[in-house]
Amino acid sequence: MMAAQTITLGCRLNFAESEAMRSLAGDDAIIINSCAVTNEAVRQTRQAIRRAHREAPDKRIIVTGCAVQLDPTGFAAMPEVAKVIGNADKYSADAFANENKVVVSDVMAAPAPPVAAGFLARVRSFVAVQTGCDHRCTFCSIWRARGASRSLPYEAVRDAVASELDAGAREIVLTGVDITSYEDGLGPLCQRLLADLPRLNRLRLSSLDSIEIDEALMELIAGEPRLLPHFHLSLQAGDDLVLKRMKRRHSRAQAVATVERLKAARKDVTIGADLIAGFPTESEEAAQNSLRLLEDCDIIAAHIFPFSPRPDTPAARMPQLEREIVKARAARLRQAAALRRAQWLDSQIGTRQAVLIENSEKGHSDGFAPVHVEGSRRGDLGIVQIVRKDGDTLIGIFE
């Protein structure tokens, strides 16, 4: 049976999971893997469903993922949708094959899923090591969509990584909902993978909870060049009162100290971060504290989210800011982040960077700067001389 087309919204874990689902439906179907991290993500999911049906009206539209898990009835009511499948059921061939339009089980009682891995023909492959979350940040509904934190067995993760390398992957990205909560420690997991798979030459990590970075991982950062030096941190805010109301488990000072440790361990470390603008009750002083966090944590790749009140979350019941204030603070934060990023990219001109070409003569440096090398091909890996910048992309020449 030919595999289904997939359309993926949201996180890197979703991309890995989409690959794992493609073979469960035939080429008469389009699987849309939804996201529910914000109201905008849900809106974009609905938009993707309508677009997919317009462009391929003869295809069955099967929708799965976090947005479906939280609102199966709403998605099943869309006339374009043939079937909705919940997060606990999306690896089941029977769920795809049976005649029920709605197949959504209790994700809180679901066992650990198989290891999802892959990312179409790209040379960077995502491998899931964990799913679910045991924390209860007041703005987040993903724990309800994903269930409790479940770590996937080491042997299964190792075998999935080996399989991706066999298929031609040049770089592996470990992903999950909260990978720093891996039951045996994320650092020990990485140590075992790198020891057991000497041909694993490029290992990246997806988003990290800064307060959970363990000592084994810090040791790897300091001494293992195969662990690549870009780290994306789930910081969310730079003000202690806002962090407390978010029910985050770190303080502003702890976030700054973590970044200082990372940079002391390895000089070429670069930092990305998620930040929320306009959280309920956020004062202008608090917003300024988040703005200053960009510099204090040397953030060069910021994902800025205007606060989005997700249904049935504590933050949705808190006193809300006016939407215009939220939008303005998000725009200000994005502008400051863009300026810092442009300055960082400028600083890369004239340097030599290891670059992996992923697609269409474009790739990323170890520090995750986007780089274009004319005449290069997917899978090329080597040292690139950075000669100039074009917008948000560096231009380089292989040595």
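### Quick look at the environment of E212
For step 1, the next point in the chain: On the secondary structure map, E212 appears in the loop between strand 11 (203-205) and helix 9 (215-223).
For step 2, the next point in the chain: C-alpha of E212 to C-alpha of S181: the two residues are 31 residues apart in sequence and 7.1 Å apart in space.
For step 3, the next point in the chain: In terms of polar contacts, E212 uses its side chain to reach the side chain of H135, at 3.4 Å.

### Overview of the packing of aromatic side chains
For step 1, the next point in the chain: Applying the stated rule across the entire model yields two aromatic pairs.
For step 2, the next point in the chain: On the basis of an interplanar angle of 75 degrees and a centroid distance of 5.4 Å, the ring pair of F279 and F307 is categorised as edge-to-face. Within this pair, whereas F279 is found in the loop between strand 13 (270-277) and helix 12 (284-296), its partner F307 is found in the loop between strand 14 (299-306) and helix 13 (323-348), the two being separated by 28 residues in sequence. The burial state of F279 is the same as that of F307; both residues are buried.
For step 3, the next point in the chain: Seen from the ring of W143, R136 lies directly overhead, with NZ or CZ sitting 3.7 Å from the centre.
For step 4, the next point in the chain: Across the ring face of Y154, the terminal group of R192 is positioned such that the distance to the ring centre comes to 3.8 Å.

### Details of the sheet that holds strand 15 (residues 352-359)
For step 1, the next point in the chain: Judged by pairing direction, the barrel is mixed, and its five strands sit side by side in the order 15-16-17-19-18 before closing back on the first. Pairs of neighbouring strands in the sheet enclose a mean axial angle of 55 degrees, with direction left out of account.
For step 2, the next point in the chain: Where strand 17 (residues 370-372) and strand 19 (residues 393-398) come together, two bridges link them in parallel fashion. Paired with V371 across the strands is L394, a residue of strand 19.
For step 3, the next point in the chain: Against the sheet, helix 13 contacts strand 15, strand 17, strand 18 (381-390) and strand 19, and its axis sits at roughly 120 degrees relative to strand 18.

### A look at the pattern of salt bridges
For step 1, the next point in the chain: Applying the stated criterion across every chain yields a total of 29 salt bridges.
For step 2, the next point in the chain: D71 serves as the salt-bridge partner of R46, at 3.4 Å between the closest nitrogen and oxygen. Taken as a pair, R46 in helix 2 (residues 39-55) and D71 in the loop between helix 3 (66-70) and helix 4 (72-76) lie far apart in primary sequence, 25 residues in all.
For step 3, the next point in the chain: The class of D71 is partly exposed, set by a relative accessible area of 32%.
For step 4, the next point in the chain: As a salt-bridge pair, R341 and D392 come within 3.2 Å of each other at their nearest N and O atoms. Of this pair, R341 sits in helix 13 while D392 is found in the loop between strand 18 and strand 19, placing the two residues 51 residues apart along the sequence.
For step 5, the next point in the chain: Relative accessible area serves as the criterion here: at 17%, R341 is assigned to the buried category.
For step 6, the next point in the chain: Counted as one network, the salt bridges with shared partners bring together R124, E171, R202, R204, E358 and D366.

Procedures and definitions
- Residues numbered from 1 in each chain as written.
- Predicted model: local features only at pLDDT ≥ 70, side-chain atom pairs only at ≥ 80, totals over all residues.
- Heavy atoms only, no water.
- Helix = DSSP H or I, 4+ residues; strand = E, 2+ residues; numbered from the N terminus.
- Polar contact = N/O pair within 3.5 Å; in protein donor to acceptor, adjacent residues only side chain to side chain.
- Phe/Tyr/Trp six-rings, centres within 6.5 Å; stacked < 30°, edge-to-face > 60°.
- Buried < 20%, exposed > 50% of the residue type's maximum accessible area, 1.4 Å probe, protein only.
- Lys NZ or Arg CZ within 6 Å of the ring centre and 35° of its normal.
- Pairing = 2+ DSSP bridges.
- Axes fitted to C-alpha atoms, helices over the stretch in contact; angles between N-to-C directions.
- Contact = heavy atoms within 4.5 Å.
- Salt bridge = Lys/Arg side-chain N within 4 Å of Asp/Glu carboxyl O.

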